[in-house]
Amino acid sequence: MTKYAAFLRGINISGKNKISMPELKLALEEAGFTDVSTYLNSGNVVFEASSNKKDLRSQIEQLITQRFSLNIPVYILEVDRLKEIISSAPEWWGTDDKTQYDNLIFILSDDSPQDICSTIGEPSQNLEKIQIHKNVIFWTFDRKLYQKCNWWKKTAASGIAEKLTIRTAGTVKKLCK
């Protein structure tokens, strides 16, 4: 059995795409997933399974459609891979600096991180930083001046938002424990 993390995109935001985490946990257990746990109300799940990532993604997306009548994109990776990603973080990411907001961007589409960076454009100088690591993007921005940040505006824009799911440093670190 392999331990996986799953990130459901766009659930439980402003009353939209509501999914109860206890109900999701139960549905996954009924589908044969083991050692299932959820974190926060924003679609973070850790579980064990013997299937491959592609099959798991399809299985979970179908389960959500059938059980909750929602079409929710899911990003899945092995927890060991997530640990490797975090261990490769740039020194400015995931620190205790409360003036910064650190995120990890996972790409749901077939776009490469370079494609995403090219589409969004350069980060705002002195306000945000990005760094590609394999198929994810580390991103941090100034908490107080976030509205002036190019990436903050564009990651939520139509045409790009659907291609991404974003998690905070704290969330991804918590899921690796």
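Residues numbered from 1 in each chain as written. Predicted model: local features only at pLDDT ≥ 70, side-chain atom pairs only at ≥ 80, totals over all residues. Heavy atoms only, no water.

### Details of the pattern of salt bridges
Using the following cut-off: We count a salt bridge whenever a side-chain nitrogen from Lys or Arg sits within 4 Å of a carboxyl oxygen from Asp or Glu. Per the convention used, a helix needs a DSSP run of H or I reaching at least four residues, while a strand needs a run of E reaching at least two, with both numbered from the N terminus.
Applying the stated criterion across every chain, the model contains five salt bridges. Among the salt bridges present, the one from Lys25 reaches Glu29, with a minimum N-O distance of 2.7 Å. Here the residue Lys25 and the residue Glu29 both occupy positions in helix α1 (residues 21-30), the gap between them amounting to four residues, near one helical turn.

### A look at the nonpolar core
Condition: Only buried residues count toward a nonpolar core, which is a set of Ala, Val, Leu, Ile, Met, Phe, Trp, Tyr and Cys residues joined through side-chain atoms within 4.5 Å. Relative accessibility under 20% of the residue-type maximum defines a buried residue, over 50% an exposed one, and the middle range a partly exposed one, all with a 1.4 Å probe and only protein chains included. When checking whether two residues touch, look at their non-hydrogen atoms; a contact exists if any pair is within 4.5 Å.
The biggest cluster of nonpolar side chains holds 23 residues, and the ones touching the most others in it are Leu8, Ile19, Leu24, Phe47, Ile60 and Ile64. The set of elements that each furnish at least two residues to this core consists of β1 (2-8), α1, β3 (44-49), α2 (53-68) and β4 (74-78). With five residues, α2 is the single largest residue contributor to this core. Dropping the residues within four chain positions of it, Ile19 is found in contact with Leu8, Ile11, Asn12, Leu24, Asn41, Ile64, Phe68, Leu70 and Ile72. Core analysis: the second largest hydrophobic core is formed by 20 residues, Phe7, Val46, Leu77 and Ala169 among them.

### Describing the packing of aromatic side chains
To keep things clear, this is the line we draw: Only Phe, Tyr and Trp rings are paired, with Trp represented by its six-membered ring, and only when their centres lie within 6.5 Å; those with planes under 30 degrees apart are stacked, over 60 edge-to-face, the remainder tilted.
If you walk through the whole model with that rule in mind, you get nine aromatic pairs. On the basis of an interplanar angle of 25 degrees and a centroid distance of 5.7 Å, the ring pair of Tyr4 and Phe47 is categorised as stacked. Of this pair, Tyr4 sits in strand β1 while Phe47 sits in strand β3, and the two are 43 residues apart along the sequence. Comparing Tyr4 with Phe47, the two get one shared label, buried.

### Notes on the pairing of β4
Filter applied, for reference: For two strands to be treated as a pair, DSSP must find no fewer than two bridges joining them.
The element β4 is largely enclosed, with a buried count of four among its five residues. As judged from the five bridges shared by β1 and β4, these two strands associate in the antiparallel manner. By the bridge assignment for β4, Tyr4 is matched with Glu78.

### Digging into the environment of Glu91
If you trace the backbone, Glu91 turns up in the loop between α3 (79-87) and β5 (100-107). A relative accessible area of 77% means that Glu91 is categorised as exposed. For the pair Glu91 and Asp142, spaced 51 residues apart in sequence, the C-alpha separation works out to 16 Å.

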